[in-house]
Every structure is written in C-alpha cells, then in structure tokens.
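Okay, here's what each chain looks like letter by letter:
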Amino acid sequence: MKISFPYMGTSHIAISYLLENLGHEVIYPPKPSKKTLSLGVQHSPEFACLPFKILMGTYLEAVEAGADSLTTSGGFGPCRAGYYGELHKRILHDMGYPVKMLVLEPPLMAPLTFYRNVKSLVRPTSSWTNFYRVFRVAWEKLRALDELEGLLHELRPLAVSKQQITKTYERGLGYIDDAGSVSKVLEAKDAALQDMRAVPVDETFTPLKIGIIGEIYVVLEPFVNHDIEKMLGDMGVYVHRSIFLTNWTKDNAVSNGEKDIRAMAVPYLNQLVGGHGQNSIGETVIYANKGFDGVIQLAPFTCIPEIVAKSIMPTITRDKGIPVMTLFLDEQTGRAGVETRMEAFLDLLKEKRNKQEAI
C-alpha cells in the first residue's frame with residue numbers, strides 16, 4: 001500500500017517507522033499549513049470542527065501525492081469524531097479518490113474491528129512476529145518523544161536561551177527518528193535528555209504554572225493551536241499538558257485508565273458527554289489541587305463536549321480558586337489574537353500571585 005496518515009504533534013516519527021517497517025510505502029503529506037486548512041475548509045461541511053477540516057486538507061494533499069490508503073483513529077460516544085473517518089472517505093470518493101480508509105477504533109470497544117484493520121496492515125509476506133517487533137520499536141519511539149517533550153516544557157521557561165533549548169530538543173527528535181531498535185531508541189532518548197539538561201538555565205526563576213486541557217487534536221497539533229506551548233514557554237511559563245499520545249493510548253486502548261480523572265469531575269459533571277468533556281473538568285480540578293496558577297482549555301469551535309465543560313469552569317474557579325481561560329479555535333483564529341489573549345491572561349495570573357505572596 002501507498003499509505004499516509006495525519007500529523008499530530010511528533011507522532012509521525014513513530015507512525016512512519018511502523019508503516020515503513022511493515023513493508024508499506026509511506027506518503028508524507030506536507031505538514032499542516034494554511035494551504036492544508038484552505039483545502040479542508042473548501043471541501044468540508046461549513047460547521048464541521050477545525051480538526052475535521054485540517055484532516056480533510058491533509059488527506060487531499062496525501063492522495064494528490066499518490067497515497068491509495070489512509071489510516072486514522074476512530075472513536076465512540078456522543079463526539080462526532082467517531083464518524084470522521086467514514087465522512088472523510090465518502091467525501092474523497094465523491095471527489096474521485098477511491099482511497100482505502102483504515103480507521104483504528106479503540107480495541108476495548110471494538111476488538112474484532114481493530115484486529116481486522118491491524119491485520120490489513122500486516123502484509124502477506126510478513127508475519128505477526130515481525131509486527132510485534134516493529135510495534136515495540138514504534139511504541140518506544142512514542143514514549144521517548146513524549147518524555148522529551150515533557151522535559152522541554154519544564155526547561156523552556158528556565159532556559160537562558162530559548163532558541164538553544166528548542167534546537168537541542170529538535171536535534172533530539174532526530175536521534176529518536178534515526179533509531180532502529182528498542183535498545184537504540186533508549187540510547188537515543190538518554191542522549192537527547194542529557195543534551196537538553198546541559199542547556200544553561202536560570203534556577204532562580206519561578207515560572208507561572210499553567211495546565212493545558214481540551215480536545216486531543218487541538219491540544220497535540222501545534223499548527224492548530226498556533227504552537228501555544230512554545231509561545232507560553234518563551235514567555236517564561238511552565239506548561240503541563242494533560243494529554244500525551246502514549247498516556248491517552250494506554251488509557252483508552254489497553255485499560256480504562258482515566259477513571260481517576262473522571263472521578264474528580266463527578267461533583268461537577270457526573271456523566272460522559274463525549275470527547276474529552278468530562279476529562280477537561282477532572283483535569284482542571286487536579287491542576288487546582290496541585291497548586292497550578294491557571295488552566296487553558298483548547299477546543300475546536302462547535303465542539304459540544306468542550307462547550308459543556310466550559311459552562312462548568314466558572315463554578316470550579318469559584319470553588320477551587322483557579323482561573324480558566326478557554327480558547328475556541330477555528331479557521332478564523334489568528335496567532336496575533338491568541339498571543340494577545342495569552343499576555344492578558346498571564347498579567348492577571350501574575351497579579352493574583354503577587355497578591356497572594358503579599359498576604
């Protein structure tokens with residue numbers, strides 16, 4: 001198969017390794033850009049959310065580059081994202097692109113469907129033993145990528161040179177990309193972490209601490225959220241993201257590991273509303289209990305689960321004393337506007353901290 005997939009953060013490094021080493025030709029679409037978004041908007045329903053439109057544009061760029069198969073994740077529940085794979089396929093077919101769409105549904109919810117789709121990725125000339133070997137390497141790459149990014153969030157606000165820490169991190173991504181075995185991935189990760197920790201930092205600086213919550217795609221993909229984590233880090237803010245791809249995968253594909261988060265949400269929202277709606281509530285409570293200065297909720301415009309969560313945030317702010325700012329993102333959202341709102345939010349958080357320290 002000539003197969004492609006959508007970008008989501010740095011996950012393409014691991015996904016491309018998996019697909020290439022299963023014997024497929026990977027077609028890399030360009031990274032999401034204004035052109036990608038323009039294509040997606042042109043060929044998507046008007047009130048579809050931003051992730052739908054960017055994925056649509058990505059798929060169009062991929063099939064125009066020669067892809068005959070696409071792989072993506074699925075989902076269940078009230079959130080519309082569970083239907084996106086089918087809708088994207090129908091739009092592409094109507095446009096004259098008879099691509100094969102492999103939608104990997106959560107295995108705990110649809111084990112047979114998941115097995116059939118994974119089996120279709122294993123070439124007849126390959127074996128399940130080879131799949132297991134390749135998958136292990138790809139999984140270790142994902143874990144390493146998430147660990148590097150977590151350290152980046154810790155070090156960026158403290159780094160004397162923000163440019164140096166960013167370049168060191170990007171060099172570390174290259175180490176992970178080049179590794180071809182589990183042991184090599186672990187060596188590459190250790191080398192990358194060591195390089196990052198060697199970057200000079202200002203240990204006397206105490207940054208504001210902000211938790212990032214919201215819908216998984218707009219949280220993980222920098223193009224969608226205007227690289228808000230880097231923006232905040234460069235402003236001297238420690239960012240902690242509630243979702244990483246490895247913890248989300250383990251919690252939703254291997255075990256129901258989000259029970260603790262949802263339990264924290266129960267006093268405010270005692271049932272699933274689709275997507276990450278209930279999680280956003282629970283994670284905000286957790287950040288408040290950990291003493292974070294504030295929370296930023298990222299959500300696609302028209303996303304019902306996050307709209308429900310946003311309506312409850314003022315109550316959490318009143319009860320827990322943690323400010324929450326919600327950013328609804330669509331194709332009209334500009335970086336300058338996001339940056340201005342961030343600056344205003346940080347000013348409020350600094351003022352709040354100064355008042356608390358004066359008491």
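It should be emphasised that the depicted structure is a prediction, and the values quoted were computed from it without experimental measurement.

With that settled, the discussion passes to the side chain of Ser-16. Considering the arrangement of structural elements, one finds Ser-16 in helix 1 (residues 12-21). Residue classification places Ser-16 among the buried positions, given a relative accessible area of 5%. Polar contacts involving the side chain of Ser-16 include one to the main-chain carbonyl oxygen of His-12, which spans 2.7 Å. Non-local contacts of Ser-16, meaning those with residues more than four positions away in its chain, are made with Phe-5, Val-26 and Tyr-28.

Below, the discussion takes up the packing of aromatic side chains. Applying the stated criterion to the full structure yields six aromatic pairs. The interplanar angle of 20° and the centroid separation of 6.0 Å between the aromatic rings of Phe-131 and Phe-135 together place this pair among those described as stacked. Of this pair, Phe-131 and Phe-135 are both found in helix 6 (residues 128-155), four residues apart, which corresponds to roughly one turn of the helix. The positively charged end of Lys-209 is found above the aromatic ring belonging to Phe-292, 5.1 Å away from the centroid. The side chain of Arg-241 reaches across the aromatic face of Phe-244, ending 4.1 Å from its centre.

With that settled, consider the environment of Met-231. On the secondary structure map, Met-231 appears in helix 10 (residues 228-234). Judged by its relative accessible area of 4%, Met-231 falls in the buried class. Along the sequence, Met-231 and Lys-250 sit 19 residues apart, while their C-alpha atoms lie 29 Å from each other. Met-231 has contacts with His-226, Arg-335, Val-338, Glu-339 and Met-342, leaving out every residue within four places of it along the chain.

Turning our attention to helix 8 (residues 182-197). Here helix 8 is 16 residues long and its end C-alpha atoms lie 23 Å apart, about the 22 Å a rise of 1.5 Å per residue gives. If you check which residues of helix 8 are buried, you get Val-182, Val-185, Ala-188, Lys-189, Ala-192, Leu-193 and Met-196. The arc that holds the buried residues of helix 8, viewed along the axis, is 130°, so those residues lie on one side. Of the surrounding secondary structure, the elements contacted by the buried residues of helix 8 are helix 6 and helix 7 (162-178).

With that settled, consider the sheet that holds strand 7 (residues 294-300). Ordered by their spatial adjacency, four strands build an open sheet running 6-5-7-8, and the pairing between neighbours is parallel. Because the sheet does not close on itself, it has two edges, and the strands there are strand 6 (237-241) and strand 8 (324-329). In this sheet, adjacent strand axes meet at a mean angle of 25° when their direction is disregarded.

Counting 52 residues, the largest nonpolar core has Leu-92, Leu-232, Ile-296 and Met-342 as the members making the most contacts within it. Those residues in contact with Ile-296, other than ones at most four positions away along the chain, are Ile-210, Gly-211, Ile-212, Ile-213, Ile-228, Leu-232, Met-325, Met-342 and Phe-345. In terms of nonpolar packing, the next biggest core, distinct from the first, is built from 35 residues, Ile-3, Val-26, Leu-121 and Leu-155 among them.

Conventions used here
- Residues numbered from 1 in each chain as written.
- Predicted model: local features only at pLDDT ≥ 70, side-chain atom pairs only at ≥ 80, totals over all residues.
- Heavy atoms only, no water.
- Helix = DSSP H or I, 4+ residues; strand = E, 2+ residues; numbered from the N terminus.
- Buried < 20%, exposed > 50% of the residue type's maximum accessible area, 1.4 Å probe, protein only.
- Polar contact = N/O pair within 3.5 Å; in protein donor to acceptor, adjacent residues only side chain to side chain.
- Contact = heavy atoms within 4.5 Å.
- Phe/Tyr/Trp six-rings, centres within 6.5 Å; stacked < 30°, edge-to-face > 60°.
- Lys NZ or Arg CZ within 6 Å of the ring centre and 35° of its normal.
- Expected span 1.5 Å × (residues − 1).
- Arc of directions from axis to C-beta.
- Pairing = 2+ DSSP bridges.
- Axes fitted to C-alpha atoms, helices over the stretch in contact; angles between N-to-C directions.
- Core = buried A, V, L, I, M, F, W, Y, C linked by side-chain atoms within 4.5 Å.

Read these as geometric descriptors, not functional statements.
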